[in-house]
Amino acid sequence: MSENEISSDAIYQRSLSELKWILIAWAISCTWVVGYCFVFGYEVDPANLDLVIGMPAWVFWGVLLPWCLSTAFTIWFSLFQMTDQPLPQEPDTIHRRSESDHHVSTDIDRTHE
Amino acid sequence: MNNASSGALIAFAIYTIAVFGIAVLSNRFAKGKEFAGEYFLGSRSFGVWAFALTFAATNASGGTFVGFPALIYTHGWTLALWIAGFMIMPLVSMAMIGKRLNQIARKTDAITIPEVLRHRFASPAVGLTATGFLVFFMFFYLAAQFKAGGKILSTLLSDDPFFRRCSTGLGHLIIDVPWVGQADPDYLLCLLVFSVAVIVYVVYGGFRAVVWTDVMQGIVMFAGVLIMLAMSLYQVGGLSNATRQLAKMTPPENGTAVLVIDRDAASDQLFNKAAWIKQDGQAYRLAAHGLIAAGSRRSEPIAILKITTPEEIERISTTDSLATVRLESITTQPYAYGAGKAGVYISNPGPDTKSEIGFLAIGTAFSFFVFWPFAATGQPSNMLRLMSFKDTRTLRYSVMTVAIYYSVIYFCLVIVFCCARVLMPGMEVDPDRTMPDLATHLATNAGTPWLSGLLVAAPFAAVMSSVDSLLLMMSSSVVRDIYHGHINPKATDNRIRRLSYLVTVVAGLFTVLAVLNPPTYLQDVIVFATAGLAACFLVPMVLALYWKGMTSGGVIAGMVAGTLMHVILTSWGYAAEGKFRAYEFLTLSPFIWDLGASAIAAVVVAKCQTPDEDLRRRFF
């Protein structure tokens with residue numbers, strides 16, 4: 001089987017797709033938070049203090065808002081993007097005990113997804 | 001402080017009784033089930049609330065309720081940026097590898113992380129290497145957490161009269177005992193009580209008891225934070241008022257002074273740490289206990305804190321016990337960044353006593369945004385939990401639950417302890433007491449002093465929920481991966497049971513002995529172990545789960561390279577700064593370099609090998 005061959009494992013395929021979403025979400029949130037705070041959150045002049053719901057404006061726009069959006073994205077992702085998939089049953093105890101490291105492949109036949 | 005200490009003692013007693021009750025219930029629940037799977041992984045049967053709260057509580061260690069509040073108090077709003085990586089942490093650390101890891105663990109019936117890797121590559125060498133690194137780092141981590149438990153407890157209980165009597169008695173008992181006699185009796189007493197409580201309930205109840213206590217602890221932490229938020233916002237007059245007050249503040253100055261009285265002391269006069277003296281329009285706080293010996297008028301020089309914000313100085317008055325005392329020979333040292341500068345508490349990079357570039361340079365802020373979510377993903381204790389949920393629906397709803405939980409806990413803590421800065425000046429003399437002192441302050445002002453007991457229960461909950469998980473992981477590594485995996489694969493259930501109990505007790509006692517006299521830099525050991533575990537396991541595990549071309553050689557190379565880079569940068573940091581702290585090359589967190597080294601080594605070595613076709617078919 002080459003690396004480009006399509007996998008037959010549904011959980012693997014779906015998990016890989018979800019991993020890409022998650023890394024993109026992390027990159028976007030990181031860029032927003034670090035970028036915004038770098039531009040607006042350093043050396044803030046206390047004489048011209050700008051507050052939003054009681055906190056410095058850079059905290060609201062640079063941390064709280066992306067935090068809320070990240071949480072909203074996580075909820076959406078968990079409810080609608082991640083899929084439910086049946087997990088495999090465990091091999092039975094007797095079989096596991098008789099299994100040695102060199103015979104890992106023996107329980108392939110016992111595990112069906 | 002007396003109220004806080006007594007409240008803490010009552011809270012700890014109730015807590016201990018509750019966790020013992022849970023351990024008994026867990027033990028009964030486990031009867032009739034296959035031992036190892038139940039004891040180390042709860043038979044992979046946990047639903048949404050149990051799974052979500054054990055994950056959340058395990059990650060919230062003592063640092064969350066002691067170290068983190070102290071940092072917020074000391075540096076201000078910049079901690080919102082410092083902790084911002086938690087916004088995406090549940091998604092990354094749970095959803096990125098959870099489903100796939102649980103699938104492979106079930107396929108191979110693995111109940112430990114080294115076992116997953118061993119079966120994934122059918123390689124005993126991979127399993128043994130992983131076990132070796134795991135035990136190595138876990139020992140440091142466990143030792144640091146036990147020490148944190150003892151320190152937090154002694155900090156919280158230090159003023160309770162009953163505790164003082166017990167501590168004094170223990171001090172007399174151990175004074176002539178070699179090695180043990182050198183330990184601080186307060187710390188030793190707390191360490192012993194804390195350790196015995198944790199070891200007993202972990203041994204008796206196993207993973208299920210750990211998870212159920214985590215659920216209780218998670219609820220206590222959540223409730224505690226919300227109550228503190230409401231009370232602190234009310235008492236400070238709203239968040240806008242707190243932020244405006246913070247904007248006027250300038251950092252205090254640390255220094256030394258001599259306590260002087262008008263006539264020779266008839267007997268030894270002891271002046272408590274944290275007492276205030278106001279003289280010549282300035283306000284000072286004792287940062288250590290002061291003693292004027294009998295027949296003398298002067299103390300030795302002691303540490304003091306000088307307040308520099310005029311609004312704070314106005315509110316401070318001299319403590320009664322120091323009414324006849326004045327300070328002489330005062331010397332103070334301003335902060336390296338932020339001295340005399342208003343606005344540093346509402347802005348980045350935040351004030352700092354030693355760093356001239358402030359507390360949170362932008363490179364450090366970026367590093368923490370990488371570190372929080374990915375270091376959490378690489379923690380074996382978190383990976384282990386991802387192997388314990390019963391179905392993918394549980395995972396989905398738990399990711400959501402933990403995301404909401406962390407959003408509330410961590411952001412609210414920033415607000416609460418920014419308010420604390422306004423409500424209680426001068427906590428820099430003992431920043432670790434910020435949490436219990438604020439709890440007492442809020443509860444007393446609200447006319448409900450009993451509430452402080454509930455509020456200070458949160459730090460116990462946090463430390464216990466971390467230590468129990470680590471202790472169980474340590475014993476599972478030895479019993480399952482070394483003894484059952486390599487020495488005696490045909491061991492009976494009874495034998496595994498007895499050995500598991502024995503190893504848990506021995507690992508606990510051995511760790512306690514190691515931290516009787518903890519080294520000064522033990523807090524840095526926590527960072528060393530956390531980052532080391534993630535540097536060792538994150539990249540190899542992710543590639544093992546998702547890359548068809550990964551090989552056993554690649555896994556070993558990834559673990560070795562990540563660990564080596566971590567050790568090299570730590571040694572470099574020690575050589576350069578004399579501290580047990582990794583060197584920040586190009587001002588980036590060493591964790592980023594560790595991950596880079598691990599990834600390069602894993603991919604290069606894997607590319608030089610041919611993956612096993614049978615294993616590919618089985619897992620992909």
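By the naming in an unreviewed UniProt entry, chain B goes by Sodium/pantothenate symporter and is assigned to Stieleria marina. Among the UniProt annotations of chain B, the heading Sequence similarities (unreviewed entry) holds the following wording: "Belongs to the sodium:solute symporter (SSF) (TC 2.A.21) family." Of chain B, the UniProt comment under Subcellular location (unreviewed entry) reads exactly: "Membrane".

S.K.: I tried to follow the overall build of chain B on my own but got confused; where do I start?
M.R.: Scanning chain B from N- to C-terminus turns up 24 helices and 7 strands. Expected size for 620 residues packed as a compact globule is a radius of gyration near 25 Å; at 25 Å, chain B falls within 12% of this value. Relative to its 620 residues, chain B shows a buried fraction of 58%. Taking the intrachain contacts of chain B between residues at least 6 apart in sequence as the baseline, contacts between residues at least 24 apart amount to 80%.

S.K.: Would you take a moment to explain the overall build of chain A for this structure?
M.R.: Helix and strand content of chain A: 3 helices and 2 strands. Mapped in sequence order, the helices and strands of chain A form the string α-β-β-α-α. Each of the 113 residues in chain A was classed as buried or not, and the buried ones make up 27%. In chain A, once contacts between residues fewer than 6 apart in sequence are set aside, the share between residues at least 24 apart is 49%.

S.K.: Sorry, what's going on with the domain arrangement of chain B here?
M.R.: All names here are of chain B. Looking at chain B, the domain boundaries give domain 1 (2-239 + 349-517) and domain 2 (252-333). Taking the mean C-alpha position of each, domain 1 and domain 2 sit 38 Å from one another. Contacts between the two partners involve 6 residues from domain 1, matched on the other side by 10 residues from domain 2.

S.K.: In this structure, what is going on with unusual backbone geometry? I would like to understand it.
M.R.: Note: most residues except glycine have negative phi, and most peptide bonds are trans. Residue and element names in this part refer to chain B. The amide bond that connects Asn348 to the next residue, Pro349, takes the cis arrangement and shows omega of 5°. By the element assignment, Pro349 lies in the loop between strand 7 (326-333) and helix 14 (362-377). Not every positive phi belongs to a glycine, and Ala122 is a case in point at roughly 45°. Note that Ala122 resides in the loop between helix 8 (113-121) and helix 9 (124-157). For Ala122, a count of 19 C-beta atoms within 10 Å translates into the label partly exposed.

S.K.: What is the right way to look at helix 23 (residues 590-607) of chain B in this model?
M.R.: Each turn of an α-helix holds 3.6 residues, which means side chains three or four residues apart point in the same direction. The terminal C-alpha atoms of helix 23 of chain B, which comprises 18 residues, lie 26 Å apart, in line with the 26 Å expected from a rise of 1.5 Å per residue. Along helix 23 of chain B, the residues classified as buried are Pro590(B), Phe591(B), Trp593(B), Asp594(B), Leu595(B), Ala597(B), Ser598(B), Ala601(B), Ala602(B), Val605(B) and Ala606(B).

S.K.: Just to check I follow, could you spell out the environment of Asp159(B) for this structure?
M.R.: All names here are of chain B. Its place among the elements puts Asp159 in the loop between helix 9 and helix 10 (161-174). Residue class for Asp159 comes out partly exposed when judged on the 18 C-beta atoms lying within 10 Å of it. As for Asp159 and Lys107, which are separated by 52 residues in sequence, their C-alpha atoms are 54 Å apart.

S.K.: Could you clarify how one ought to interpret the nonpolar core in this entry?
M.R.: Burial of nonpolar side chains together is a common tendency in soluble globular proteins. If you look at the biggest cluster of nonpolar residues, it comprises 220 residues, and the most contacted ones within it are Ala84(B), Met221(B), Val414(B) and Leu471(B). At 26 residues, the largest contribution of residues to this core is made by helix 11 (residues 185-236) of chain B. Among residues more than four places away in sequence, those in contact with Ala84(B) are Val33(A), Val63(A), Trp67(A) and Phe369(B). Counting residues in hydrophobic clusters, the runner-up holds 15 residues, among them Ala287(B), Ile304(B), Ile307(B) and Leu322(B).

S.K.: Got a minute to help me understand the interface of chain A and chain B in this structure?
M.R.: Reports of interface size often rely on the accessible area that becomes lost once the parts have come together. Contact residues are listed per partner, giving 57 residues for chain A and 62 residues for chain B. Secondary structure elements with two or more residues in the side of chain A that touches chain B: helix 1 (10-40), strand 2 (55-56), helix 2 (57-81) and helix 3 (93-98) of chain A. Partitioning the side of chain A that touches chain B into residue classes produces 33 nonpolar, 14 polar and 10 charged.

S.K.: Just to check I follow, could you spell out helix 19 (residues 457-487) of chain B for this structure?
M.R.: All names here are of chain B. Between its terminal C-alpha atoms helix 19 stretches 43 Å, which fits the 45 Å expected from 31 residues at 1.5 Å a residue. Taking the largest bend as the criterion, helix 19 deviates by roughly 25°, centred on Ser476. Of all 31 residues in helix 19, 27 are buried; the element is thus mostly enclosed.

S.K.: What am I meant to see in the confidence of the model for chain A here?
M.R.: Low pLDDT marks stretches whose predicted atomic positions should not be read closely. All names here are of chain A. Across chain A, the average pLDDT comes to 80, with 72% of residues at 70 or higher. Averaged pLDDT values over the elements of chain A bottom out at 42 in helix 3 and peak at 97 in strand 2. Every residue in residues 92-113 scores below 50 in pLDDT, and together they form 25 contacts with partners more than four places removed in sequence or on other chains.

So, how was this worked out
The residue count restarts for each chain, going from 1 along the sequence in the order it is written. By the order in which they are written, chains take letters starting at A while ligands take numbers starting at 1. Owing to the predicted nature of the model, reporting of local features is limited to residues with pLDDT of at least 70; listing and counting of side-chain atom pairs is limited to 80 or more, with chain, interface and lining totals taken over all residues. UniProt positions are given in the numbering used here, feature names are shortened, and annotations may be inferred rather than shown by experiment. Helix numbers and strand numbers start at the N terminus; a helix is a DSSP run of H or I with at least 4 residues, a strand a run of E with at least 2. Here the globule rule reads 2.2 Å times residues to the power 0.38, and the radius of gyration is calculated from C-alpha atoms. Comment: burial labels come from other C-beta atoms within 10 Å of the residue's own C-beta, placed from the backbone, where a count of 20 or more is buried, 12 or fewer is exposed, and between is partly exposed. Two residues form a contact once the distance between their C-beta atoms, set from the backbone, is within 7 Å. Where each domain starts and ends follows an automatic or database-derived domain assignment. Between the first and last residue of a helix there are one fewer steps than residues, each counted as 1.5 Å, and that sum is the expected span. Residues of type Ala, Val, Leu, Ile, Met, Phe, Trp, Tyr and Cys that are buried and joined through C-beta atoms within 7 Å form what is called a nonpolar core. Side-chain classes follow a simple rule in which Ala, Val, Leu, Ile, Met, Phe, Trp, Tyr, Cys and Pro form the nonpolar group, Asp, Glu, Lys and Arg form the charged group, and the remainder, Gly included, forms the polar group. A residue's bend is given by the angle between axes fitted to the 7 residues ending at it and the 7 residues starting at it. Values of pLDDT, ranging from 0 to 100, describe the predictor's confidence in every residue of the model.

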